[in-house]
Every structure is written in structure tokens, then in C-alpha cells.
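The residues making up each chain are set out below.
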Amino acid sequence: ASLPLNGRNFVGLSLLTAGAVEDRTPQQGVSRNSGVSFHGQRARSNSIMIDGLDDNGMATGSIRGILSQEAIQEFQVFPAAYSAEFGQASGGTINIVTAGGTNRLSGKAFVFGRSSALNAREYFERFDSAGNPLHSAKAPFHQAQGGATVGGPLPGGRTFFFASYEGRDAAPSKFVTIDPTTTALLNSKGWPVAAGHVAFQDDAHQVLAKVQHQWDEGDNLTLRANYSNNTNENIEDWGGLVARSAGIVGSWAIVFTARARSV
């Protein structure tokens with residue numbers, strides 16, 4: 001609840017687990033993976049479970065639905081040697097429990113912001129490749145992230161609801177070092193190339209709605225729907241001597257689940 005998390009992607013907290021490191025495999029296509037490698041396995045070898053149900057893309061091993069950090073009540077990380085209850089992964093398993101409503105109506109709203117006004121200039125903004133001083137402008141940057149949650153009881157005293165929304169509007173940039181002569185030649189041939197600080201879009205929207213009905217102490221029914229929409233113009237990493245060549249890349253997912261439990 002109190003650890004700072006840039007981008008507010010809850011999966012990043014699993015990097016605190018022994019044997020977990022950031023996955024270095026280049027991202028290919030719009031299918032997001034967990035971004036975490038357990039004991040040398042690639043990120044698409046992991047298994048993500050939400051409320052006890054599979055959240056993995058069957059064809060690619062990617063994550064089907066992305067949740068707001070505020071919609072998560074708790075999660076477990078099993079880097080290896082987990083029981084057969086989980087399985088179906090040669091990497092690690094991340095088991096997530098989503099938040100739910102209670103007998104009291106409650107909610108929260110939040111907003112986070114970052115701006116280039118608080119950033120320092122990077123090395124290659126101050127010096128060229130030969131170490132000569134430069135006087136280039138600071139890299140443009142903007143990131144705003146906010147959302148809200150609400151939950152509580154429905155009439156009857158046995159049914160509860162919870163809903164959350166989180167959105168991110170970000171405009172970071174990459175520094176392209178292609179020399180002006182080459183840039184002008186490529187543009188003259190109809191191949192648009194920009195040098196210097198080139199901004200790109202990185203937006204996300206995540207919505208979750210959940211209803212729980214408690215028949216008695218051991219029997220309950222949960223209905224959940226979540227929607228995520230992501231746009232990232234840097235899905236295929238570029239920068240340096242690699243110009244921006246891909247257009248807007250977006251991915252979205254809608255997941256509906258129903259689960260009845262009797263104890």
C-alpha cells in the first residue's frame with residue numbers, strides 16, 4: 001500500500017521476490033506479458049491468476065486483462081516449487097485477489113503527475129559523442145495518472161459491489177541520434193525520420209466492476225468484469241540510431257468471469 005511504484009503496475013512489486021528480475025526479452029506485438037522473469041524463464045512462461053481464475057492468453061502466454069492497483073486487495077508470488085493447485089507454467093505464478101465491497105459505502109479518488117520541469121538533462125543532452133558541450137533543450141515529458149474507486153452494500157444486506165477506474169496519459173520521449181545529413185536524405189525519399197527528442201504516446205485505461213452475493217457463511221457467487229485499453233507508440237523499442245518507424249499500437253481486452261463457491 002505504501003511502496004512507490006512508477007506506472008502503478010502491480011506486477012512490478014513481484015520484483016521484490018527472490019529469483020525475480022526484469023524480463024529483457026524484446027517486446028513483440030501488442031500482447032503484453034508480465035515483464036518479470038523468474039529463475040531465468042521468459043516472462044511469457046509465467047501464469048497470472050485473478051480470483052482463482054486463469055488470466056493468460058492461450059496462444060501467447062500474455063496477460064489478458066490489466067487491473068488498477070487500487071482494485072487489488074492482495075496477491076501472492078510463487079517463483080518456483082508451487083503446488084499442483086497452480087501449475088501450467090514453467091516460470092512463476094502470480095495469484096491476485098481483487099477488492100470487494102463491504103457493509104459500508106466508501107471510495108477514494110487519486111491523481112499523480114510528473115513533468116519535465118522536475119527532470120534533469122541527461123548526459124547526451126549536455127555532451128555529444130565526442131564529449132563536447134551541447135546546449136540542447138531538456139527532453140519533453142508529461143505523465144498524469146488518476147482514478148477512483150467506490151464500493152458498498154446493495155439492498156438486502158447480502159450483496160455487495162465494487163468498481164474502479166484508473167487512467168494514464170503519458171508523453172515520454174526517445175532521443176534519436178541519426179545525423180542531420182542522413183535524416184534529410186531519408187525524408188527526401190519519402191521515409192519520415194525525426195532526430196533529437198521524439199515524443200510518443202503511452203496511455204492506459206482500466207475499468208473493473210464486481211458484484212458479490214453471500215447466500216450463507218459458506219456459499220457465495222461472484223460476478224466480475226474488467227476492461228483495459230492500452231496505447232503505446234514505443235511497443236517496438238527505438239532510439240539512438242534507430243528511428244521511430246511504427247505507428248500507434250493499441251491493445252484492449254474485455255474479461256467476464258463468474259465464480260460460485262461452496263465451503
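You'll find the structure just up there.
Residues numbered from 1 in each chain as written. Predicted model: local features only at pLDDT ≥ 70, side-chain atom pairs only at ≥ 80, totals over all residues. Heavy atoms only, no water.

J.: Explain the packing of aromatic side chains here, please?
T.: Given two aromatic rings, their pairing is described by the distance between the two centres and the angle made by the two planes. Overall, the coordinates contain three aromatic pairs when judged by the stated rule. When the ring of Tyr123 is compared with that of Phe127, the centres are 5.1 Å apart and the planes differ by 35°; the resulting orientation is tilted. Measuring from ring centre to ring centre gives 5.8 Å for Phe200 and Trp238, while their planes differ by 75°; the resulting arrangement is edge-to-face. You can see Phe200 sitting in the loop between strand S11 (196–199) and strand S12 (202–214) and its partner Trp238 sitting in the loop between strand S13 (219–232) and strand S14 (250–262), a full 38 residues away along the chain. The pair formed by Phe200 and Trp238 is uniform in burial state, with each residue classed as buried. (Phe/Tyr/Trp six-rings, centres within 6.5 Å; stacked < 30°, edge-to-face > 60°. Helix = DSSP H or I, 4+ residues; strand = E, 2+ residues; numbered from the N terminus. Buried < 20%, exposed > 50% of the residue type's maximum accessible area, 1.4 Å probe, protein only.)

J.: Any chance you could explain the layout of surface pockets here in plain terms?
T.: Sizing a probe to match a water molecule and rolling it over the atoms shows the empty space that remains. As a volume, the second largest pocket reaches approximately 580 Å³. Lining the second largest pocket are 28 residues; nearest its centre among them are Asp51, Lys210, Gln212, Thr222 and Arg261. Residue assignment for the lining of the second largest pocket shows that the elements contributing at least two residues are strand S6 (93–98), S12, S13 and S14. Residues belonging to the lining of the second largest pocket are distributed by class as follows: eight nonpolar, 13 polar and seven charged. (1 Å grid on protein atoms, 1.4 Å probe; cavity = no way out; pocket = protein on both sides within 12 Å on 5 of 7 lines; lining within 4 Å. Points joined across faces, edges and corners; volume = space filled by probe spheres on them. Nonpolar A, V, L, I, M, F, W, Y, C, P; charged D, E, K, R; others polar.)

J.: Is there a simple way to explain the pattern of salt bridges in this structure?
T.: Side-chain pairs of opposite charge can arise whenever the charged atoms involved come near each other. Counting across every chain of the model gives seven salt bridges. Ionic pairing is found between Arg8 and Glu166, a salt bridge with its closest N-O pair at 2.7 Å. Separated by 158 residues along the polypeptide, Arg8 in the segment before strand S1 (20–22) and Glu166 in strand S9 (residues 159–170) bring together distant segments of the chain. Among the residues examined, Arg8 registers a relative accessible area of 9% and is labelled buried. Across the salt bridge formed by Arg168 and Asp202, the nearest N and O atoms sit 3.0 Å from each other. Placement of Arg168 in strand S9 and of Asp202 in strand S12 is noted, with a sequence separation of 34 residues between them. By relative accessible area, which is 15% here, Arg168 ends up buried. (Salt bridge = Lys/Arg side-chain N within 4 Å of Asp/Glu carboxyl O.)

J.: Sorry, what's going on with the nonpolar core here?
T.: As a rule of thumb, soluble globular proteins bury nonpolar side chains together. Counting residues in each nonpolar core, the largest one holds 17 residues, and the members touching the most others are Phe10, Leu67 and Ile96. Those elements giving two or more residues to this core turn out to be strand S2 (36–38), strand S3 (47–50) and S6. Among all residues touching Phe10, those that are not within four sequence positions of it are Leu5, Leu67, Ile72, Phe75 and Ile96. The next biggest cluster of nonpolar side chains, apart from the first, holds seven residues, and it includes Val176, Val193, Trp238 and Ala243. (Core = buried A, V, L, I, M, F, W, Y, C linked by side-chain atoms within 4.5 Å. Contact = heavy atoms within 4.5 Å.)

J.: Would you mind going over a nonpolar patch on the surface with me for this structure?
T.: Together, Tyr165, Val207, Tyr227, Trp252, Ile254 and Phe256 make up an exposed nonpolar region whose accessible area comes to about 660 Å². Of all the elements, S14 adds the most residues to the nonpolar patch, at three residues. Among the structural elements, Tyr165 can be located in strand S9. (Patch = residues over 30% accessible without salt bridge, like charges linked within 9 Å, V, L, I, M, F, W, Y side chains within 5 Å. Areas by Shrake-Rupley, 256 points an atom, 1.4 Å probe, with all protein chains shown as cover.)

J.: Explain unusual backbone geometry to me, please; I cannot follow it from the model alone.
T.: Most peptide bonds take the trans configuration, and most residues that are not glycine carry a negative phi. A positive phi angle, near 50°, is found at His39, a position not held by glycine. Structurally, His39 is set in the loop between S2 and S3. You will see that Asp51, though not glycine, has its phi angle at about 55°, which is positive. Looking at the element boundaries, Asp51 is found in the loop between S3 and strand S4 (53–54). A relative accessible area of 15% places Asp51 in the buried class.

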